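# Reading the structure
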Amino acid sequence: MSARINAAAVFCGSRFGNMSAYKETAEAVGAGLAQAGIHLVYGGGYVGLMGAVADSAIQAGGRVTGIIPEFLESREVMHRGVTELIVTDSMHTRKQKMFSLADAFLILPGGFGTFDELMEILTWKQLQLHSKPILFVNIANWAQAVLAMLDEAVSQGFASPEARALIEVVPDAAAALRRLETVSPSHNRDDAEAAARM
Ligand SMILES: Nc1ncnc2c1ncn2[C@@H]1O[C@H](COP(=O)(O)O)[C@@H](O)[C@H]1O
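What comes next is a walk through the structure.

Criteria and thresholds
- Residues numbered from 1 in each chain as written.
- Predicted model: local features only at pLDDT ≥ 70, side-chain atom pairs only at ≥ 80, totals over all residues.
- Heavy atoms only, no water.
- Helix = DSSP H or I, 4+ residues; strand = E, 2+ residues; numbered from the N terminus.
- Rg over C-alpha atoms; globule rule 2.2 N^0.38 Å.
- Buried < 20%, exposed > 50% of the residue type's maximum accessible area, 1.4 Å probe, protein only.
- Contact = heavy atoms within 4.5 Å.
- Areas by Shrake-Rupley, 256 points an atom, 1.4 Å probe, with all protein chains shown as cover.
- Axes fitted to C-alpha atoms, helices over the stretch in contact; angles between N-to-C directions.
- Left-handed = near helix turned anticlockwise from the far one by under 90°.
- Nonpolar A, V, L, I, M, F, W, Y, C, P; charged D, E, K, R; others polar.
- Pairing = 2+ DSSP bridges.
- Core = buried A, V, L, I, M, F, W, Y, C linked by side-chain atoms within 4.5 Å.

## Some words on the overall build of the protein
Secondary structure assignment for the protein yields eight helices and seven strands. Taking 2.2 N^0.38 as the reference for a compact globule, 198 residues should give roughly 16 Å; the C-alpha atoms of the protein span a radius of gyration of 16 Å, in line with that estimate. Along the three orthogonal principal directions, the C-alpha set of the protein runs to about 45 × 40 × 35 Å. Looking at the 198 residues of the protein, the share that counts as buried comes to 49%. Within the protein, contacts between residues at least 6 apart in sequence are counted, and of these 72% link residues at least 24 apart. Roughly 9300 Å² of accessible area belongs to the protein as shown, and the carbon and sulfur atoms make up 51% of that amount.

Right, dumping it as structure tokens:
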């Protein structure tokens, strides 16, 4: 696969979850990005699926940038084997930096932090601050309840069907990696200008 984009940000859990498929998916995504020559941008931790995606990308020879806020350095066990580690002063700066480096976003299984990251990147897209793809990797239907919540917001008249369509749901790592092959780097918006509005 030849890379059409430079970098993808992966949002995922700082825990492994209850099914082996979650870790296997994180590893497949990490290795697949590396093999495609796509730079992995992630939250900088060594634990859970975050560590798994980074480790597999590193093992496959990929470029990995971890971005972690100073106060989480010890709690999430900062990964010291990554190509580049950026320590930020806040959670918000971390997300802004991840946003500005990435051409696309992959959401893997995770907990509340992953949900926060998903909703922020989705609402920035809803506000037309960016047009980068958001791929929700719905392994074993783990995200069914999240997707149902989004659908309900549309049903209840709180969100538009167009906004709901801003998330692409893919079933597994292979489908996510295939979709990335079709994405062009996003140059239609000045990231610095967009970041100033976030
Ligand atoms: N409130 C939060 N905002 C942004 N990011 C967060 C928040 N809480 C946790 N995080 C980060 O998200 C990832 C994954 O967390 P999980 O809860 O395991 O999904 C991790 O890097 C947290 O620091």
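## Description of the packing of helix 1 (residues 20-35) against helix 2 (residues 48-59)
At a closest axis distance of 7 Å, the pairing of helix 1 and helix 2 adopts a crossing angle of 35°. As helix 1 packs across helix 2, the resulting crossing turns out to be right-handed. Residues Tyr 22, Lys 23, Ala 26, Glu 27, Val 29, Gly 30, Ala 31 and Ala 34 of helix 1 pack against Leu 49, Ala 52, Val 53, Ser 56 and Ala 57 of helix 2. Here the residues of the contact of helix 1 with helix 2 are counted per class, giving nine nonpolar, two polar and two charged.

## Notes on the sheet that holds strand 4 (residues 84-88)
Strand order in the open sheet made by the seven strands is 4-3-2-1-5-6-7, with parallel pairing throughout. Sheet topology places strand 4 and strand 7 (167-170) at the edges, where each strand pairs with a single neighbour. Averaged over neighbouring strand pairs, the angle between their axes works out to 25° when direction is ignored. Examined bridge by bridge, strand 2 (residues 39-42) and strand 3 (residues 64-69) share three bridges and lie parallel to one another.

## Some remarks on the nonpolar core
Among the nonpolar cores identified, the biggest contains 58 residues, and Val 10, Leu 33, Phe 136 and Leu 180 are the most heavily contacted of them. Here the element with the most residues in this core is helix 2; it accounts for six residues.

## Overview of the pairing of strand 5 (residues 104-107)
Because side chains alternate across strand 5, one face comprises the buried residues Ala 104 and Leu 106, and the other comprises Phe 105 and Ile 107, equally buried. Pairing between strand 1 (residues 7-11) and strand 5: four bridges, direction parallel. Residue pairing across strands places Phe 11 opposite Ile 107, the latter belonging to strand 5. In this sheet, strand 6 (residues 134-137) lies alongside strand 5 in parallel orientation, the contact comprising three bridges. Of the residues in strand 6, the one forming a bridge with Ile 107 is Phe 136.

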